[in-house]
Amino acid sequence: MLIGVEQVMQYLRRNRRYLMRFLPLLLLLTGCDLFYGHACTLMYVPDQVVLNLNNVDFSEEGLYEFRVQGDGDVIVCQIDPESTTNFCRDNSSSYEIFDDSMTLRAWDFAPDSLTVTMSIDDVERHSDTIALEYQEDEPNGEGCGVSYYAEATIDFSGS
């Protein structure tokens, strides 16, 4: 048996006083926020740092290691241009390599500053420390939590 809209409306009109007593609870259970006038979604959006590493010369043979340190956290990515078994030792990081650049994305990571070190076969070739400026975003709606995003570029020319 299907209940029609008209039947639901009749029930609500007859039982209005019960509905008014439980309205705040119903709104809370459905995720409605009376203060902001909207519901918050439950989408998880982690903090994110995007590093654009430009002018990386991958022509030299060897194991390239990119070490990113910030606020006690360390992300290490190892890349062998002759291999497909490249990886980052952190499950919340990923990277993409283009001709002479690399983009590293780190999630759940929002330090004030970063030190990025590149070495080839354990010989340090480049090190740079940068301060990050974050943008705030409320992807789940106003008042529903803040996510931070920063993007920075490091030039490896001459390394």
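The rules behind each value
- Residues numbered from 1 in each chain as written.
- Predicted model: local features only at pLDDT ≥ 70, side-chain atom pairs only at ≥ 80, totals over all residues.
- Heavy atoms only, no water.
- Helix = DSSP H or I, 4+ residues; strand = E, 2+ residues; numbered from the N terminus.
- Contact = heavy atoms within 4.5 Å.
- Areas by Shrake-Rupley, 256 points an atom, 1.4 Å probe, with all protein chains shown as cover.
- pLDDT = per-residue confidence, 0-100.
- Buried < 20%, exposed > 50% of the residue type's maximum accessible area, 1.4 Å probe, protein only.
- Polar contact = N/O pair within 3.5 Å; in protein donor to acceptor, adjacent residues only side chain to side chain.
- Salt bridge = Lys/Arg side-chain N within 4 Å of Asp/Glu carboxyl O.
- Pairing = 2+ DSSP bridges.

Trainee: Residue-level account of the overall build of the chain, with values.
Mentor: When its secondary structure is counted, the chain shows two helices and 12 strands. From first element to last, N terminus to C terminus, the chain shows the α and β order α-α-β-β-β-β-β-β-β-β-β-β-β-β. In the chain, the proportion of contacts linking residues at least 24 apart, taken out of those at least 6 apart, comes to 53%. With an accessible surface of roughly 10600 Å², the chain has 51% of that area assigned to carbon and sulfur atoms.

Trainee: Hey, could you go over the confidence of the model for the chain for me, with residue numbers and the actual values?
Mentor: The share of residues in the chain with pLDDT of 70 or more is 69%, and the mean pLDDT across the chain is 78. The least confident element of the chain, judged by mean pLDDT, is strand E1 (residues 32-33) at 47; the most confident is strand E10 (residues 123-131) at 94. Low pLDDT (under 50) marks residues 26-34, which in the prediction has 10 contacts with non-local residues, meaning those over four places away or in another chain.

Trainee: Provide a residue-level description of the side chain of Thr 117, including the pertinent values.
Mentor: Relative to the helices and strands, Thr 117 resides in strand E9 (residues 113-120). Of the residues examined, Thr 117 reaches a relative accessible area of 13% and is grouped as buried. Here the side chain of Thr 117 touches Ser 127 through a polar contact of 3.4 Å, side chain to side chain. Apart from the residues lying within four places of it in its own chain, the contact partners of Thr 117 are Glu 65, Phe 66, Arg 67, Glu 124, His 126 and Ser 127.

Trainee: Help me get a handle on the pattern of salt bridges, residues and values and all.
Mentor: By the definition in use, this model includes two salt bridges. Here Glu 60 ties to Arg 125 by a salt bridge, and the two come within 2.8 Å at their closest N and O atoms. Here the residue Glu 60 occupies a position in the loop between strand E3 (48-54) and strand E4 (64-70), and Arg 125 occupies one in strand E10, the gap between them amounting to 65 residues. Note on Glu 60: relative accessible area 34%, which makes it partly exposed. With a shortest N-O distance of 3.6 Å, Arg 67 and Glu 65 are connected by a salt bridge. Classification of Arg 67 as partly exposed rests on a relative accessible area of 28%. By relative accessible area, which is 13% here, Glu 65 ends up buried.

Trainee: Give a detailed account of the sheet that holds E9, specifying residues and quantitative values.
Mentor: Taken in spatial order, the five strands line up as E6-E5-E4-E9-E10 in an open sheet, and their pairing is antiparallel. Looking at which strands have only one partner, the edges of the open sheet turn out to be strand E6 (87-88) and E10. Where E9 meets E10, eight bridges bridge the pair, whose relative direction is antiparallel. From the neighbouring strand, Val 116 faces E10, where its bridge partner is Asp 128.

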